[in-house]
Amino acid sequence: MLSNRESARRSRMRKQQHFDDLISQAAELKNQNSQTEMQINLLTQHYGEVESGNAVLRAQLTELTERLQSLNSVLRFLEEFSGMAMDIPEIPDQLLKPWQLPRPSQPISATADMFQF
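By the naming in an unreviewed UniProt entry, the chain goes by BZip transcription factor and is assigned to Musa troglodytarum. One UniProt comment on the chain, placed under Subcellular location (unreviewed entry), says "Nucleus".

Before going further, it helps to examine the overall build of the chain. From N to C terminus, the chain includes 2 helices and 0 strands. For the chain, buried positions account for 5% of its 117 residues. Counting only carbon and sulfur atoms, one obtains 58% of the accessible surface of the chain, whose full area is about 10600 Å².

Let us look at a nonpolar patch on the surface. Where nonpolar side chains cluster on the molecular surface, the patch consists of Val74, Phe77, Leu78 and Phe81 and spans about 440 Å² of accessible area. Looking at where Phe81 falls in the secondary structure, it is placed in helix H1 (residues 2-82).

This part takes up the packing of aromatic side chains. What the rule picks out here adds up to 1 aromatic pair. Taking 6.0 Å as the distance between ring centres and 10 degrees as the angle between the ring planes, the aromatic pair formed by Phe77 and Phe81 counts as stacked. A residue pair is termed a helical-turn pair when its members lie 3 or 4 positions apart in one helix, as Phe77 and Phe81 do in helix H1 at 4 residues. Just as Phe77 is exposed, Phe81 falls in that class too.

Evaluated as defined, the whole model comprises 4 salt bridges. The salt bridge involving Arg67 is made with Glu63; its shortest N-O contact spans 2.6 Å. Of this pair, Arg67 and Glu63 both sit in helix H1, 4 residues apart, which is roughly one turn of the helix. We classify Arg67 as partly exposed; its relative accessible area is 41%.

Let us look at H1. Across its 81 residues, H1 extends 117 Å between first and last C-alpha, which sits within 8% of the 120 Å expected from 1.5 Å per residue. When H1 is considered as a whole, its buried residues turn out to be Gly53, Gln60, Thr65 and Asn72. Count one or two residues on from H1 and you reach Gly83, which has phi positive near 80 degrees.

Inspection of the secondary structure assignment puts Glu79 in helix H1. Judged by relative accessible area, Glu79 falls into the partly exposed class, the value being 25%.

Basis of the calculations
- Residues numbered from 1 in each chain as written.
- Predicted model: local features only at pLDDT ≥ 70, side-chain atom pairs only at ≥ 80, totals over all residues.
- Heavy atoms only, no water.
- UniProt positions renumbered as here; feature names shortened; annotations may be inferred.
- Helix = DSSP H or I, 4+ residues; strand = E, 2+ residues; numbered from the N terminus.
- Buried < 20%, exposed > 50% of the residue type's maximum accessible area, 1.4 Å probe, protein only.
- Areas by Shrake-Rupley, 256 points an atom, 1.4 Å probe, with all protein chains shown as cover.
- Patch = residues over 30% accessible without salt bridge, like charges linked within 9 Å, V, L, I, M, F, W, Y side chains within 5 Å.
- Salt bridge = Lys/Arg side-chain N within 4 Å of Asp/Glu carboxyl O.
- Phe/Tyr/Trp six-rings, centres within 6.5 Å; stacked < 30°, edge-to-face > 60°.
- Expected span 1.5 Å × (residues − 1).

In structure tokens form, the structure reads like this:
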């Protein structure tokens, strides 16, 4: 009977220890979850900032491409009107299709407010 009591006591202690371990593990997982959530929020914010900067750059690229096309039209008109041969550069396909631009081997750091017009 004494042996049964001792065995039951040890069993209760093991169950309590296991329960305490599970509580500790749950707290650690909640902490990791919170840290992961913070990282996701920061990365989401950073992604939004980068996407916003890219939108500004795309708009500037479109505007500058249109300006270049307009200037080339003026040059072609002048060339035709004056009869003088002019060296009118063609607009590279990379400007017309920015998604196909060659990628530099090293990242370029820039901010959206670098190009104020």
